[in-house]
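In case you want the letters, here they are:
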Amino acid sequence: MTRETVSHRDGHVYEFGPEMDPVYEAADGESLTVETIDSLNGEIQRDDDLLDAIPEEVNAATGPIAVAGASPGDVLAVEIEAVRVAEDRGRVLTAPGFGLLQDDPEIDHPATRITEVDTDESEAGAVEFEGIDVPIEPVIGTIGVATGGGTVSTLTPDDHGGNLDTTDVTGGTTVYFPVFQEGAMLALGDAKAAMADGEMCGTGAEIAVEVDATLSVVEDPAVPLDRPLLDTGDAVKTLASAETLEGAVELANADMLDLLAHHHGFSRTEAYLFSSLVGGLEISQVVDPQVTARNAVPSEYLSVPF
Ligand code: CA
């Protein structure tokens, strides 16, 4: 099968809802390439391009891509083979009313720094911040599927995925989503060349990328999936978003107990006690309309049940 490319020019969305019209229909098990534009639609190109407010349309997510055979109750597996930066610069910035320390009077809001990409192909690549090289470690910020009910902006993460801003969502990771609607309707964008856990100022080094991924449907999953789940190869991680960090970590831990109980034959109590011994809670981001956290368990103690 020829490898198809789906570009943001073919179609993109600024919200996930229950009814989404696909721009491409993939076969179950198809490998394709997805091209994305940066989260600010290329509007920030210089340090003096400042963002006075978050625009209405951010995080353009390429798609939706329907996957044949995906039906409500199934799981969509998105195996991310590679994420490649596709332009010569990223941009890290903050804006008024945005970011973790938005009320700190000594921090400029807005502020922008362009991060030039070192395109020397003899090295793994770096982005430059004020003369300091930072390794390119791409992250797909927004990735999700059609929702079970309401319409959610690509700025907000929730049970369908969306603006998860999770550093593990990169090459080598498989992300699993609950399927709420026929075809699942995957869309993704908002990538970064580099991003810290937490995404404190509100962005990573926002950049256009190309993503190679394989999309597969899991029918009758052994453990029902309510929220995104990921497998980095080194660890299995539940992902949850809520209004507060406490809410997000409670959901992520509760979801992890289902997986540990299934894998080890634990009671829910035993799963809870064991979860307090290995891996742990991680912060994805604390700056979006809902915050996102994960509960990680190393792969030696848990594998994904599908
Ligand atoms: Ca984001």
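Residues numbered from 1 in each chain as written. Predicted model: local features only at pLDDT ≥ 70, side-chain atom pairs only at ≥ 80, totals over all residues. Heavy atoms only, no water.

## Points about the overall build of the protein chain
Part 1: Each helix and strand in the protein chain was counted, giving two helices and 22 strands.
Part 2: The C-alpha atoms of the protein chain give 19 Å as radius of gyration, which agrees with the globular expectation for 306 residues (19 Å, within 12%).
Part 3: Taking the principal axes of the C-alpha coordinates as reference, the protein chain spans close to 55 × 45 × 45 Å.
Part 4: Considering only contacts within the protein chain whose residues lie at least 6 apart along the sequence, 77% involve residues at least 24 apart.
Part 5: Carbon and sulfur atoms make up 47% of the accessible area of the protein chain, which amounts to about 13,100 Å² in all.
Part 6: In the protein chain, which carries 12 positive and 60 negative side-chain charges, the distance between the mean positions of the two groups comes to 4 Å. (Helix = DSSP H or I, 4+ residues; strand = E, 2+ residues; numbered from the N terminus. Rg over C-alpha atoms; globule rule 2.2 N^0.38 Å. Contact = heavy atoms within 4.5 Å. Areas by Shrake-Rupley, 256 points an atom, 1.4 Å probe, with all protein chains shown as cover. Lys, Arg positive; Asp, Glu negative; His and termini not counted. Charge placed at Lys NZ, Arg CZ, Asp CG, Glu CD.)

## Quick notes on the environment of G97
Part 1: Following the sequence through the fold, G97 ends up in the loop between β8 (89-94) and β9 (111-118).
Part 2: A sequence separation of 12 residues divides G97 from H109, and the C-alpha atoms of the two residues are 8.0 Å apart.

## Notes on the packing of aromatic side chains
Part 1: Within this structure, the stated rule accounts for three aromatic pairs.
Part 2: A centroid spacing of 5.7 Å and a plane angle of 75° characterise the contact between F274 and Y301, whose relative ring orientation is edge-to-face. Of this pair, F274 sits in helix α2 (residues 268-275) while Y301 sits in the segment after β22 (291-298), and the two are 27 residues apart along the sequence.
Part 3: Owing to a relative accessible area of 28%, Y301 belongs among the partly exposed residues under this scheme. (Phe/Tyr/Trp six-rings, centres within 6.5 Å; stacked < 30°, edge-to-face > 60°. Buried < 20%, exposed > 50% of the residue type's maximum accessible area, 1.4 Å probe, protein only.)

## Details of the pattern of salt bridges
Part 1: The full count for this structure, using the stated rule, is 22 salt bridges.
Part 2: The closest approach of N and O atoms between K237 and D168, which form a salt bridge, is 2.9 Å. Placement of K237 in strand β20 (residues 235-242) and of D168 in the loop between β15 (161-162) and β16 (174-178) is noted, with a sequence separation of 69 residues between them. Like K237, the residue D168 is buried in the burial classification.
Part 3: Of the charged contacts, one joins R294 and D168 as a salt bridge, the two residues approaching to 2.8 Å between their closest N and O atoms. Placement of the pair is R294 in strand β22 and D168 in the loop between β15 and β16, with a sequence separation of 126 residues. (Salt bridge = Lys/Arg side-chain N within 4 Å of Asp/Glu carboxyl O.)

## Concerning the side chain of S7
Part 1: As for its position among the elements, S7 is in strand β1 (residues 4-7).
Part 2: Residue classification places S7 among the buried positions, given a relative accessible area of 6%.
Part 3: Engagement of the side chain of S7 in a polar contact is seen with the backbone nitrogen of R9, the distance being 2.9 Å.
Part 4: Once residues within four sequence positions are removed from consideration, S7 is found in contact with E35 and T62. (Polar contact = N/O pair within 3.5 Å; in protein donor to acceptor, adjacent residues only side chain to side chain.)

## Quick notes on the sheet that holds strand β21 (residues 280-285)
Part 1: Strands sit in the order β1-β5-β18-β7-β16-β19-β20-β22-β21 across an open sheet of nine strands; the sheet is mixed. With partners counted over all chains shown, the strands left at the sheet margins are β1 and β21, one partner each. Direction aside, the axes of adjacent strands within the sheet are offset by 30° on average.
Part 2: Across four bridges, β1 lies against strand β5 (residues 30-36) in parallel orientation. Bridge pairing in β5 places S7 opposite E35. (Pairing = 2+ DSSP bridges. Axes fitted to C-alpha atoms, helices over the stretch in contact; angles between N-to-C directions.)

## Comments concerning the packing of helix α1 (residues 245-264) against α2
Part 1: Where α1 meets α2, the closest approach of the two axes is 8 Å, and the angle between their N-to-C directions is 110°. What the angle tells us is that α1 and α2 run roughly perpendicular. Crossing handedness for the pair α1 and α2: right-handed. In contact with N253, A254, L257, D258, L260, A261 and H264 of α1, α2 contributes R268, A271, Y272, F274 and S275.
Part 2: A class-by-class count of the residues in the contact of α1 with α2 yields seven nonpolar, three polar and two charged. (Parallel < 35°, antiparallel > 145°, perpendicular 65-115°, else oblique. Left-handed = near helix turned anticlockwise from the far one by under 90°. Nonpolar A, V, L, I, M, F, W, Y, C, P; charged D, E, K, R; others polar.)

## Remarks on the side chain of K237
Part 1: On the basis of relative accessibility, which here comes to 8%, the residue K237 falls in the buried class.
Part 2: Of note is the side chain of K237, whose polar atom sits 2.9 Å from the side chain of D168.
Part 3: Those residues in contact with K237 that sit more than four places away from it in its chain are D168, L229, L230, T232, M256, E282, R294, N295 and A296.

## Some words on α1
Part 1: For α1, spanning 20 residues, the distance from its first C-alpha to its last is 28 Å, which sits close to the expected 28 Å at 1.5 Å a residue.
Part 2: Taken together, the buried positions of α1 are occupied by G247, A248, A252, N253, D255, M256, L257, L259 and L260.
Part 3: Those residues of α1 that are buried are in contact with β19 (229-231), β20, α2 and β22.
Part 4: Positive backbone phi, approximately 70°, marks G265, located one or two places after α1. (Expected span 1.5 Å × (residues − 1).)

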